[in-house]
Amino acid sequence: MNGEGGRIAVVTGAARGIGLAVCSRLARDGWAIVGVDLDPAVEAIVDEIPRARAQALDVTDEDQWGSLLATLESEPGHIAALVNCAGILCSEGPVVGVDVQEWRRVLDVNLTGTFVSCKAVLPAMLRGHLGRIVNLASIAGKEGNALQAAYSASKGGVIAFTKALAKEVARDGITVNAIAPTMIEGSLSESMSTEMRQQLLAKIPMGRFGQPEEVASMVAWICSDECSFTTGMVFDLTGGRATY
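Conventions adopted
- Residues numbered from 1 in each chain as written.
- Predicted model: local features only at pLDDT ≥ 70, side-chain atom pairs only at ≥ 80, totals over all residues.
- Heavy atoms only, no water.
- Salt bridge = Lys/Arg side-chain N within 4 Å of Asp/Glu carboxyl O.
- Helix = DSSP H or I, 4+ residues; strand = E, 2+ residues; numbered from the N terminus.
- Buried < 20%, exposed > 50% of the residue type's maximum accessible area, 1.4 Å probe, protein only.
- Expected span 1.5 Å × (residues − 1).
- 1 Å grid on protein atoms, 1.4 Å probe; cavity = no way out; pocket = protein on both sides within 12 Å on 5 of 7 lines; lining within 4 Å.
- Points joined across faces, edges and corners; volume = space filled by probe spheres on them.
- Nonpolar A, V, L, I, M, F, W, Y, C, P; charged D, E, K, R; others polar.
- Phe/Tyr/Trp six-rings, centres within 6.5 Å; stacked < 30°, edge-to-face > 60°.
- Lys NZ or Arg CZ within 6 Å of the ring centre and 35° of its normal.

Remarks on the pattern of salt bridges
Side chains that carry opposite charge are capable of pairing whenever their charged atoms lie near each other.
Part 1: Evaluation of the coordinates by the stated rule reveals 8 salt bridges.
Part 2: Taking the shortest distance from any N to any O, the salt bridge between Glu75 and Arg53 comes out at 2.5 Å. Residue Glu75 is found in the loop between helix 3 (62–73) and strand 4 (76–84), and its partner Arg53 is found in strand 3 (residues 52–56); the two are separated by 22 residues along the sequence.
Part 3: You can call Arg53 partly exposed: its relative accessible area is 28%.
Part 4: As a salt-bridge pair, Arg241 and Glu143 come within 2.7 Å of each other at their nearest N and O atoms. With Arg241 in the segment after strand 7 (234–237) and Glu143 in helix 5 (residues 140–143), this residue pair connects regions lying 98 residues apart in the sequence.
Part 5: Arg241 sits in the buried class, given a relative accessible area of 10%.

Some remarks on helix 1 (residues 17–28)
Part 1: For helix 1, built from 12 residues, the straight-helix expectation of 16 Å at 1.5 Å per residue is met to within 8% by its first-to-last C-alpha distance of 17 Å.
Part 2: All of the buried residues in helix 1 are Gly19, Ala21, Val22, Cys23, Leu26 and Ala27.
Part 3: Among the residues trailing helix 1, Gly30 stands out with phi positive, at a value near 100 degrees.

Points about the layout of surface pockets
Part 1: Here the second largest pocket defines a volume of roughly 160 Å³.
Part 2: Arg208, Gly210, Glu214, Thr238 and Gly239 are the residues nearest the centre of the second largest pocket, which is lined by 13 residues in total.
Part 3: Tallied by class, the residues present in the lining of the second largest pocket amount to 5 nonpolar, 6 polar and 2 charged.

Brief notes about the packing of aromatic side chains
Part 1: Scanning all chains against the criterion turns up 2 aromatic pairs.
Part 2: Residues Phe115 and Phe161 carry aromatic rings whose centres are separated by 6.2 Å and whose planes lie at 85 degrees to one another, so their mutual orientation is edge-to-face. You can see Phe115 sitting in helix 4 (residues 100–128) and its partner Phe161 sitting in helix 6 (residues 149–168), a full 46 residues away along the chain.
Part 3: Classification of Phe115 by relative accessible area gives partly exposed; the value is 39%.
Part 4: Ring plane angle 85 degrees and centroid distance 5.9 Å describe the contact between Trp221 and Phe235, whose orientation is recorded as edge-to-face. With Trp221 in helix 9 (residues 212–223) and Phe235 in strand 7, the pair connects residues that are 14 residues apart, well separated along the chain.
Part 5: Residue Trp221 is classed as partly exposed on the basis of its relative accessible area, which comes to 37%.
Part 6: Directly above the aromatic system of Trp31 lies the positively charged group of Arg7, at a separation of 3.9 Å from the ring centroid.

Quick look at the structure:
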């Protein structure tokens, strides 16, 4: 990659919801977008978003990341941002009933996928001495949601990983931050039971769930030149649920 093609933002989970909103917002801010998602529907972003390309990709697969990065290396532009939005929920239920395979799958996508994505993209950022990494965590990673142990544990891991990586690359021109939203309207929230949605809604002082565009706005600022002296931070996006 070279500087002639401008700044590139790689966004995971780009097919819908928060990831798609982030792609749209960063494109409006002048970024070239590489949207990745396991869902082949991600290909549709090239028709909706200018200067966007799409790649169906499993974020936990190092070989698939290697192939994508090799392709990008041969093209103009430089990867200056990575936004990790890919994630899945777990089934609702007590820990004694959690299926071990599901536990492993949730941690694999939400936590290991974030790690693998960062590992894949970091070499390009280190060479350019420039980068913004934003990892989507969750308020569940701070507080722990009852009956969502696997999801809560995975997002707590994302928070710890973000802080560790931020310290590691703090002198390399790269910032690493996380956003911890409450429930955001979209495909994940729609898969929840009505009872769980009501329990989560009751915790939010503003009395509503967030919108994907609100997450995208915060991502845009963290990725901007204005956010230059903040790293290892977990930004609250909970309508007042978290005040710490």
